[in-house]
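Results of the structural survey
Take a look at the letters that make up each chain.
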Amino acid sequence: MKKLSKAKRRRRMKVLRVSVLAAVIAVLVVVGILAVKSEFLKERNSDVSKINLSSIKVPRPKINVRLLTENINSRPGIALRRVRGIVIHYTANPGTDAMANRNYFESRKNEEDSSKNKVSSHFIIGLHGQIIQCIPLNEISYASNNRNSDTISIECCHPDKTGKFSMETYKSLINLTGWLCTRYDVSKSNVIRHYDVTGKLCPLYYVKHKTKWRDLKNDIWSYIMRYKGKAQ
């Protein structure tokens, strides 16, 4: 086998050194990016887990208070002594608006004392973003099964059978949930779906599309963080 000349060997060694150096730089760049990402995630998680949310004053959104008549089915008048979570629902009644769903809850007062008639929610958000309150925040609603005793429930209207919220509904949900989280010091992990309580496909779109549910929670938290450190 023919030997390489000294000049060729030097050129090969130079190319090898350059290649090794380029590979090392590439690895360092990747490691640096991962480190920055890790620090960002730590900071975001710190905001979520350690901050005293009750110290942040998120403004109360506009709410139309239309309380249900106290009755055995939809407004039992049972005290809600401590709020540990916020539960998001969808109405499963495409195209209907907030008042129609509120009136359905109200109509349960005329029905027999039966589990099938026990249905309500603290809030309903309409197709155009209007927020109706049906139950006082110091009383339970019949919305989230075994979590009725320690959660506030929000029903969301939706235009079609996919269950995806309109942009107006979505924005009002962020504003309302953000306000409730800071009022009751509810952490990000305790903003949940009905699905997370019972396995029911509710809210449907945000069960079928996990990334959209994650995006929704991140949007709620971004909204809350806008008010962090602001004087009220």
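Description of the structure in this document. Every chain is numbered on its own, with residues counted from 1 as its sequence reads. The predicted origin of the model limits local features to residues at a pLDDT of at least 70 and limits the giving and counting of side-chain atom pairs to 80 or more, whereas totals for whole chains, interfaces and linings rest on all residues. Side-chain numbers come from the whole structure's heavy atoms, not from hydrogens or water.

On a plain count of helices and strands, the protein comes out with 6 helices and 6 strands. A total of 232 residues make up the protein; the buried ones form 43% of that total. In what follows, residue pairs with any heavy atoms lying within 4.5 Å of each other are defined as contacts. Expressed as a percentage of contacts within the protein between residues at least 6 apart in sequence, the contacts between residues at least 24 apart total 77%. Secondary structure elements follow DSSP: runs of H or I no shorter than four residues count as helices, runs of E no shorter than two count as strands, and numbering proceeds from the N terminus. Burial status follows relative accessibility: with a 1.4 Å probe on protein chains alone, a residue under 20% of its type maximum counts as buried, one over 50% as exposed, and anything between as partly exposed.

Attention now moves to the side chain of Glu 155. Within the secondary structure, Glu 155 sits in strand β5 (residues 151-156). In this structure Glu 155 touches His 89, Tyr 90, Thr 91, Phe 105, Ser 121, Phe 123, Ile 124 and Ile 125, once residues within four positions along its chain are discounted.

Any Lys or Arg side-chain nitrogen located within 4 Å of an Asp or Glu carboxyl oxygen qualifies as a salt bridge. Within the structure shown, the criterion is met by 6 salt bridges. Note that Glu 106 and Arg 102 form a salt bridge whose closest N and O atoms lie 3.9 Å from each other. With a gap of 4 residues between them, Glu 106 and Arg 102 both fall in helix α2 (residues 98-107), about one helical turn apart. For Glu 106, a relative accessible area of 10% corresponds to the buried category. Residue Arg 102 is classed as buried on the basis of its relative accessible area of 9%. Ionic pairing is found between Asp 113 and Lys 118, a salt bridge with its closest N-O pair at 2.7 Å.

Moving on, we come to the nonpolar core. Among the nonpolar cores identified, the biggest contains 40 residues, and Ile 86, Ile 88, Phe 123, Ile 154, Leu 176 and Leu 180 are the most heavily contacted of them. Looking at this core, the elements that each hand over two or more residues are β2 (85-90), β3 (123-125), β5, α3 (167-184), α5 (204-208) and α6 (210-225). Of all the elements, α3 adds the most residues to this core, at 7 residues. Setting aside residues up to four positions removed in sequence, Ile 86 forms contacts with Ile 152, Ile 154, Thr 177, Leu 180, Cys 181, Val 186, Asn 190, Val 191 and Ile 192. As used in this record, nonpolar core signifies buried Ala, Val, Leu, Ile, Met, Phe, Trp, Tyr and Cys residues forming a set joined through side-chain atoms within 4.5 Å.

This brings us to the packing of α3 against α6. Between α3 and α6, the least distance of the axes is 9 Å, while the angle of their chain directions is 60°. On the basis of their axis angle, the class for α3 and α6 is oblique. The way α3 lies across α6 gives a crossing that is right-handed. In this structure, α3 uses Tyr 170, Leu 173, Ile 174, Asn 175, Thr 177, Gly 178, Cys 181 and Thr 182 to contact α6, whose residues at the interface are Asp 215, Leu 216, Asp 219, Ile 220, Trp 221, Tyr 223 and Ile 224. Axes, fitted as lines to C-alpha atoms, cover a helix only where it is in contact. Angles between the N-to-C directions of the axes lie from 0 to 180 degrees. Convention used here: angles under 35 degrees read as roughly parallel, angles over 145 as roughly antiparallel, angles from 65 to 115 as roughly perpendicular, and any remaining angle as oblique. For any helix crossing, the convention is left-handed if the near helix is rotated counterclockwise from the far helix by under a right angle, and right-handed if that rotation is clockwise.

Turning next to a nonpolar patch on the surface. Like charges within 9 Å and nonpolar side chains (Val, Leu, Ile, Met, Phe, Trp, Tyr) within 5 Å are joined into patches, using only residues over 30% in relative accessible area that form no salt bridge. We get accessible surface area from the Shrake-Rupley algorithm with a probe of 1.4 Å; when it comes to residues, only the shown protein chains can shield them. Taken together, the side chains of Met 13, Leu 16, Val 20, Val 24 and Leu 28 present a nonpolar region at the surface, about 460 Å² in accessible area. Relative to the helices and strands, Leu 16 is located in helix α1 (residues 6-49).

The next thing to look at is unusual backbone geometry. At the junction of Cys 202 and Pro 203, the peptide bond is cis and its omega measures out at -5° in the coordinates. Residue placement: Pro 203 occurs in the loop between α4 (194-198) and α5. Even without glycine at this site, Asn 145 takes up a positive phi of about 55°. For Asn 145, a relative accessible area of 45% gives the class partly exposed. Its identity as a non-glycine residue notwithstanding, Asp 185 has a phi of 55°, on the positive side. The class for Asp 185 is partly exposed, based on a relative accessible area of 40%.

For a regular strand, side-chain orientation follows a simple rule: the groups alternate between the two sheet faces. Of all 6 residues in β5, 6 are buried; the element is thus mostly enclosed. Burial along β5 is two-sided: Thr 151, Ser 153 and Glu 155 facing one way and Ile 152, Ile 154 and Cys 156 facing the other are all buried. Note on pairing: two strands pair once DSSP finds at least 2 bridges between them. Across 3 bridges, β3 lies against β5 in parallel orientation. Within the sheet, the bridge partner assigned to Phe 123 lies in β5 and is Ile 154.

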